[in-house]
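What follows is the residue order along each chain.
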Amino acid sequence: MSDVHFRFSPQILARLGEELNQSVDQSILELVKNSYDADATSCVIELKNTSSKGGEIVLTDDGNGMTASQIRDGWLVLGKSGKSTLKKTKSGRTPAGSKGLGRLAALRLGNKISMLSRPSGSFRYGLDINWRSFDNAATVEEVPLTIKRSAAGPKSKGTQIHLKDLHAPLSSDDVKRLARSLLLLTDPFENKGGFKVELKAPEFADTESLLKTKYFEDADFHLVASVTAKGTASAQLLDWKGEILAEATHNELRQNTTKAYKCPRATFDLWTFLLKGGQFLGGRRLRLSDVRKWLQAFGGVHVYQDGVRVNPYGNPGNDWLQMNLARVRSPEERPGTNTSIGRVSILTSRTRELVQKTDRSGFIEDEQFFELMQFLKDALEWMARWRLQQAERRRRAEREAAPRVAEEHKANIEDVIESAPLRVRSSLKQAFTGYAKSRDKEAAALRKDIQLYRTLATAGITAATFAHESHGNPIKVMGLALSALRSRINSHTTGDVQSKLLAPTNQIAKAQAALSTLSTATLNLVKASKRRVGKVDVHKSIHDLVTLLTPFLNGREASVTVRLANGGAYMHGSEAALESVFANILNNSLNAFRRSGTEKRLIDITSAIAEGVCEVRIADSGPGIKDVGVADVWLPGVTTDPEGTGLGLTIVSDTVRDLGGEVQLLPHGALGGAEVIVRLPLLGG
Amino acid sequence: MALVIEQHKIERVALIDDDPEVRASYRFHVEDMNLSAEEIDRPLGDIDAFISKMEAFHTGVICDYHLKSTKYSAFDGDIVVSHLYKRQFPVILCSRFDGVTASVRGLRRYIPYIVRAEDLSQQTVKEAFELCVGEFSGKFTPERKPYKTVVRIESAKSLTEQEIVFSIVIPAWEPKIGIDVSVKSAENPLFKRLLSKVAQGNIERVSAQVNLGAENLDDLFISDWTE
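Sequence positions are assigned chain by chain, starting from 1 and proceeding in written order. Labels are handed out in written order, letters beginning with A for the chains and numbers beginning with 1 for the ligands. Reporting in this predicted model follows two pLDDT cut-offs: at least 70 for local features of residues, and 80 or more for side-chain atom pairs to be given and counted; totals over whole chains, interfaces and linings ignore these cut-offs and use all residues. In computing side-chain values, all of the structure's heavy atoms are included and hydrogens and water are not.

Novice: So what exactly am I meant to see when it comes to the overall build of chain A here?
Specialist: Looking only at helices and strands, chain A features 17 helices and 21 strands. The buried share of chain A, taken over its 685 residues, is 44%. In this description, contact between two residues means that some pair of their heavy atoms is separated by no more than 4.5 Å. A separation threshold of at least 6 residues defines the contact pool for chain A, and within that pool the share at least 24 residues apart is 70%. Just so you have it, chain A exposes about 35900 Å², and 54% of that area is on carbon and sulfur atoms. Only DSSP runs of H or I covering at least 4 residues are called helices, and only runs of E covering at least 2 are called strands; the numbering of each starts at the N terminus. Burial classes: relative accessible area under 20% of the type maximum marks a residue as buried, over 50% as exposed, and values in between as partly exposed (1.4 Å probe, protein chains only). Accessible areas in this description were obtained via Shrake-Rupley with a 1.4 Å probe; residue shielding takes into account the shown protein chains only.

Following this line, the structure appears as structure tokens:
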């Protein structure tokens with residue numbers, strides 16, 4: 001048999017139509033794109049009784065219409081795209097639809113379809129499809145379809161598609177999504193005419209009026225970045241008046257490399273709103289809640305390829321540039337999808353083109369796509385860097401201005417008091433002086449705290465730097481040389497001579513190991529990964545810390561017993577936070593032993609888990625808390641150790657509170673010395 | 001003298017470190033094994049040319065991890081060691097810090113032996129070279145034997161244009177431990193696809209070769225990622 005060919009079961013229609021394609025709104029959007037490609041200026045979609053099963057959708061456009069052969073060889077051929085993105089339509093549009101699979105998805109929404117098309121000329125062409133007639137057919141080709149020709153009346157060109165007997169009702173959310181998709185289909189950011197879509201449904205009117213109210217001019221920042229066909233980028237940051245705040249060259253965006261972006265020509269606009277009551281309303285005409293509502297409906301970065309929107313970029317929940325993630329990591333001065341709206345306009349050329357996936361779930365993620373994303377992210381990074389620099393300048397200015405402002409306020413109040421009735425003036429003066437004194441005292445205490453924190457931070461940074469240096473080569477050379485020395489002593493000497501040589505060698509090795517541990521411990525504490533917030537195990541953190549500190553604990557002749565409840569104790573936080581808590585408590589115990597000369601130096605760490613809370617008790621055999629009130633030990637700077645900072649327990653208390661837990665101190669606990677009880681909330685508790 | 005392991009004859013060992021004192025200290029151990037030691041004191045230059053030079057003139061290498069503190073090298077020791085291992089060249093990586101970084105973990109399949117400087121001795125050098133040679137002929141220790149297994153990718157971030165860090169879980173090794181592993185995006189087109197999918201909030205699962213017998217995180221490797 002030579003005349004054989006592939007044939008398709010009607011089930012392929014369900015595979016390609018219902019299962020491959022996306023939501024109702026995206027399916028209908030494909031029909032609208034066909035109207036756009038047919039150079040229509042208007043496309044009207046009417047929903048009839050769609051809130052229940054069996055409803056109808058009618059789409060009518062005033063495009064070029066199709067002849068019988070165009071219907072037969074184009075519209076009815078699935079999977080074939082006659083549309084080249086490089087070949088424009090008669091009115092200069094770049095074709096938006098492709099492959100015909102999206103159209104199939106839309107047509108499969110109903111059990112029956114009627115299509116009527118009127119091209120130029122005196123005839124119109126109709127086609128009826130009843131999907132049920134495919135149910136019993138062996139192959140798709142076996143079901144005959146007839147294109148009927150009839151004389152056209154005076155009515156002008158266009159196509160009408162009537163989807164009947166819908167399989168499923170359209171929910172109000174479906175209609176809202178459809179309204180949003182239709183409105184955003186052709187670039188609504190600029191008032192370019194040429195293609196108007198109307199959806200006859202109340203949801204459309206609401207969404208349309210929201211979209212029509214544009215707040216672009218009120219954005220606090222407008223980022224305008226572009227990349228040329230040769231891959232050279234530049235950016236500008238404008239304020240709400242349109243004045244240039246900053247400009248960046250390609251190298252500045254790329255952070256000092258000249259490498260071109262290998263992506264199609266594109267422009268990127270991002271309008272960012274501060275949405276802070278006091279700052280936002282100053283002098284401008286709008287209400288914060290209106291802008292929030294608008295951004296909620298249309299926020300995000302939308303992508304337009306040759307003037308037509310590409311789904312799903314910028315859809316609700318689609319944060320394809322990871323703006324929200326960046327904002328969470330560094331919330332200051334970064335836009336999120338709820339505080340900004342953006343548009344990326346991509347222009348296709350012969351050498352650079354982004355290709356959309358068959359299932360319309362965005363672009364194929366090839367090198368060009370990633371290069372485009374890199375350009376966009378670089379532009380966002382540049383804007384964030386600039387805004388951070390400004391914020392730092394502003395803070396510095398505020399810090400410098402604060403005392404002067406306070407003095408001005410003080411003088412104002414004193415003036416007001418002077419104008420008060422004589423009988424209350426003196427008591428007002430007295431009350432205000434007392435208040436001012438206590439404020440000054442508080443400010444002085446805070447300044448002292450800040451200084452102390454800065455000193456400690458500097459000490460920490462310096463210690464880490466030295467730890468890097470010392471743990472690097474000098475300690476390494478000592479270790480290598482010592483192990484070689486030991487090996488040579490063992491192989492070249494015997495008996496007494498060997499023992500005499502090995503004894504001091506071992507002493508040096510011990511000292512080298514202690515030095516090595518000291519720097520390892522310091523470096524371990526400052527590891528960046530420990531500051532990452534996520535799921536952490538309280539028990540593991542305690543074990544790791546005790547292991548890390550063992551050389552120091554041995555050096556102080558302190559013995560630590562760890563008896564923790566079975567299993568992991570997982571909570572939300574960072575390793576660094578837990579380490580801060582337990583390291584400071586252990587440090588306090590070691591300092592207490594040293595100050596009091598405690599002979600039997602014991603630290604007992606236990607834990608218990610009940611009702612979603614992990615309770616950790618750290619008890620020591622030191623002298624306990626004396627000479628200071630238990631309530632005061634948490635205050636910064638309160639210490640009975642002349643060499644202490646008085647910050648350890650403040651850090652413990654602040655950190656535990658940040659972790660959502662609580663901390664308690666027993667002046668004389670289970671071992672006679674201080675006992676700290678830390679309660680931390682566990683995940684799933 | 002030479003150290004002969006199976007068909008490999010190791011006699012000229014190159015010592016790579018950006019500090020001359022450290023290189024000189026490596027020499028003690030190598031010379032005590034009666035092997036010839038040569039300190040590489042010139043800047044390493046281009047990686048490919050350097051690797052070819054090593055192959056032409058040496059039969060073993062001891063290399064420090066941190067090589068970029070000065071102008072000595074533009075790449076770290078993990079790159080040198082993994083390149084040489086892939087060409088069946090016996091190598092040892094010396095690391096001064098505890099804990100393997102995410103970038104080393106990405107190459108750990110090709111870095112069979114990491115030793116702390118103070119633990120370097122005639123015995124560890126011999127052990128390391130034996131381990132390498134054994135692996136070249138497909139003989140893996142239980143801790144290093146690779147198995148194809150499922151890797152769950154929970155988050156991903158692009159460190160630089162060429163480097164991606166995945167936070168993964170290997171259920172067959174330890175279902176409760178999150179592991180950071182750094183990969184070069186150019187090495188496998190799958191990496192960029194995964195980055196994009198995970199960035200959209202998906203949790204992805206792929207297959208990879210993992211030494212499921214590894215006793216701790218520092219010895220774990222993940223290689224040959226496939227969908």
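Next comes the rest of the write-up.
Novice: Would you explain the packing of aromatic side chains in this entry?
Specialist: Here a ring pair, both rings aromatic, is described through the centre-centre distance and the interplanar angle of the planes. All names here are of chain A. Side-chain rings of Phe, Tyr and Trp (the six-membered ring for Trp) are treated as a pair once their centres are within 6.5 Å; stacked means planes under 30 degrees apart, edge-to-face means over 60, and tilted covers the remaining angles. In the structure shown here, the tally under the stated rule is 17 aromatic pairs over all chains. A ring pair is formed by Y261 and F375, whose centres lie 5.6 Å apart and whose planes are at 70°; its orientation type is edge-to-face. Placement of the pair is Y261 in the loop between α7 (250–253) and β11 (265–272) and F375 in helix α11 (residues 367–418), with a sequence separation of 114 residues. Classification of Y261 by relative accessible area gives buried; the value is 1%.

Novice: What should I look at first to understand the interface of chain A and chain B in this one?
Specialist: Many analyses report the size of an interface as the accessible area lost when the parts associate. The interface of chain A with chain B comprises 26 residues on the first partner and 29 residues on the second. Note on terms: buried area is the combined drop in 1.4 Å-probe accessible area of two parts once they are placed together, counting the loss on both. Between chain A and chain B the total buried area reaches about 2500 Å² when both faces are included, carbon and sulfur atoms providing 50% of it. Every case where a carboxyl oxygen of Asp or Glu lies within 4 Å of a side-chain nitrogen of Lys or Arg is listed as a salt bridge. There are three salt bridges connecting chain A and chain B. Across the pair B:D17 and A:K476 runs a salt bridge whose closest N-O atoms are separated by 3.3 Å. N or O atoms closer than or at 3.5 Å make up a polar contact, with two conditions inside protein: a donor-capable atom paired with an acceptor-capable one, and, for residues adjacent in sequence, both atoms drawn from side chains. Run the count over chain A and chain B and you get ten residue pairs in polar contact (both at pLDDT 80 or more). Looking at the side of chain A that touches chain B, the elements that each hand over two or more residues are α11, α12 (422–471), α13 (473–492) and α14 (495–525) of chain A. Sort the elements by how many residues they give to the side of chain A that touches chain B and α13(A) lands first, with ten residues.

Novice: Honestly, the side chain of B:S73 in this entry has me stumped. Any pointers?
Specialist: All names here are of chain B. Structurally, the position occupied by S73 is in the loop between β5 (60–64) and α3 (77–86). A relative accessible area of 7% means that S73 is categorised as buried. There is a polar contact of 2.6 Å between the side chain of S73 and the backbone oxygen of F75. With near-sequence residues (within four places) excluded, S73 lies in contact with L44, L67 and K68.

Novice: Looking at this structure, I do not really get a nonpolar patch on the surface. What am I missing?
Specialist: Residues and elements named next belong to chain A. To count toward a patch, a residue needs a relative accessible area above 30% and no salt bridge. Like charges then connect within 9 Å, nonpolar side chains (Val, Leu, Ile, Met, Phe, Trp, Tyr) within 5 Å. On the surface, a cluster of nonpolar side chains totalling about 330 Å² of accessible area is made up of M478, I508, L515 and L518. The element best represented in the nonpolar patch is α14, accounting for three residues. Mapping L518 onto the fold places it in helix α14.

Novice: Would you take a moment to explain the nonpolar core for this structure?
Specialist: What tends to happen in soluble globular proteins is that the nonpolar side chains get buried as a cluster. Buried Ala, Val, Leu, Ile, Met, Phe, Trp, Tyr and Cys residues that are joined via side-chain atoms within 4.5 Å together make up what is termed a nonpolar core. If you look at the biggest cluster of nonpolar residues, it comprises 43 residues, and the most contacted ones within it are A:V32, A:I45, A:W75 and A:L199. If we skip the residues at most four places from it in the chain, A:W75 touches A:M66, A:Q70, A:R103, A:L107, A:M115, A:L127, A:I129 and A:I161.

Novice: For this particular structure, what's the right way to read helix α2 (residues 24–37) of chain A?
Specialist: Three or four residues apart is the spacing at which side chains of an α-helix point the same way, because the helix has 3.6 residues per turn. Residues and elements named next belong to chain A. Helix length check: α2 (14 residues) gives 20 Å between terminal C-alpha atoms against 20 Å at 1.5 Å per residue, within 8%. Taking burial as the measure, the 14 residues of α2 include 13 buried ones, the bulk of the element. Looking one or two residues beyond α2, the residue adopting positive phi is D39, at roughly 60°. One fewer than the residue count of a helix, multiplied by 1.5 Å, yields its expected span.

Novice: Sorry, what's going on with empty space enclosed by the protein here?
Specialist: To find the voids left in a structure, one rolls a probe of water-molecule size over its atoms. Residues are called lining when one of their atoms sits within 4 Å of a cavity or pocket point, these points coming from a 1 Å grid over the protein atoms alone, where a cavity is a set in which a 1.4 Å probe fits but cannot get out and a pocket is an open set with protein on both sides within 12 Å along at least five of seven lines. Grid points are joined across faces, edges and corners, and a volume is the space filled by probe spheres set on the points. Inspection of the entire model under this criterion finds three cavities of 30 Å³ or more. In this structure, the largest cavity spans a volume of roughly 70 Å³. What lines the largest cavity is A:Y313, A:D319, A:W320, A:Q322, A:E365, A:F369, A:M373, B:S196, B:A199 and B:Q200. Of all the secondary structure elements, the ones that give two or more residues to the lining of the largest cavity are α11 of chain A together with α6 (189–199) of chain B. Each residue belonging to the lining of the largest cavity can be placed in one class, and the counts come to five nonpolar, three polar and two charged. Throughout, the ten residues Ala, Val, Leu, Ile, Met, Phe, Trp, Tyr, Cys and Pro are labelled nonpolar, Asp, Glu, Lys and Arg are labelled charged, and all others, Gly among them, are labelled polar.

Novice: Looking at this structure, I do not really get the sheet that holds strand β4 (residues 123–130) of chain A. What am I missing?
Specialist: As a general point, the strands of a sheet are linked pairwise by backbone hydrogen bonds and lie either parallel or antiparallel. Residues and elements named next belong to chain A. In short, DSSP must find at least two bridges between two strands for them to pair. Taken in spatial order, the seven strands of this open sheet run β5-β4-β3-β6-β2-β1-β7, and their pairing is mixed. At either end of the open sheet lies a strand with only one pairing partner, and these are β5 (147–151) and β7 (196–200). Neighbouring strand axes in the sheet, compared pairwise and without regard to direction, differ in orientation by 15° on average. Inspection of the sheet shows strand β1 (residues 42–48) paired to β7 by five bridges, in the parallel sense. Along β7, the bridge assignment pairs C43 with V197. Sitting on the sheet, helix α3 (residues 68–75) is in contact with β3 (110–118), β4, β5 and β6 (158–166), with an inclination near 35° to β4. To get an axis, a line is fitted to the C-alpha atoms, and for a helix only the part in contact is used. The angle between two axes follows their N-to-C directions and goes from 0 to 180 degrees. Sitting on the sheet, helix α5 (residues 172–185) touches β1 and β7, and the angle it makes with β7 is about 165°.

Novice: Where do I start with the pattern of salt bridges in this structure?
Specialist: Side-chain pairing between opposite charges can occur once the charged atoms of the two side chains come close. Residue and element names in this part refer to chain A. As enumerated under the stated definition, the model contains 36 salt bridges over all chains in all. Between D25 and R177 there is a salt bridge, and its shortest N-O distance comes to 3.8 Å. Taken together, the positions of D25 in helix α2 and R177 in helix α5 put the pair 152 residues apart, joining distant regions of the chain. For D25, a relative accessible area of 5% gives the class buried. When its relative accessible area of 40% is taken as the criterion, R177 is described as partly exposed. Across the pair R679 and E662 runs a salt bridge whose closest N-O atoms are separated by 3.1 Å. With a gap of 17 residues between them, R679 in strand β21 (residues 675–681) and E662 in strand β20 (residues 662–666) connect regions that are remote in the sequence.

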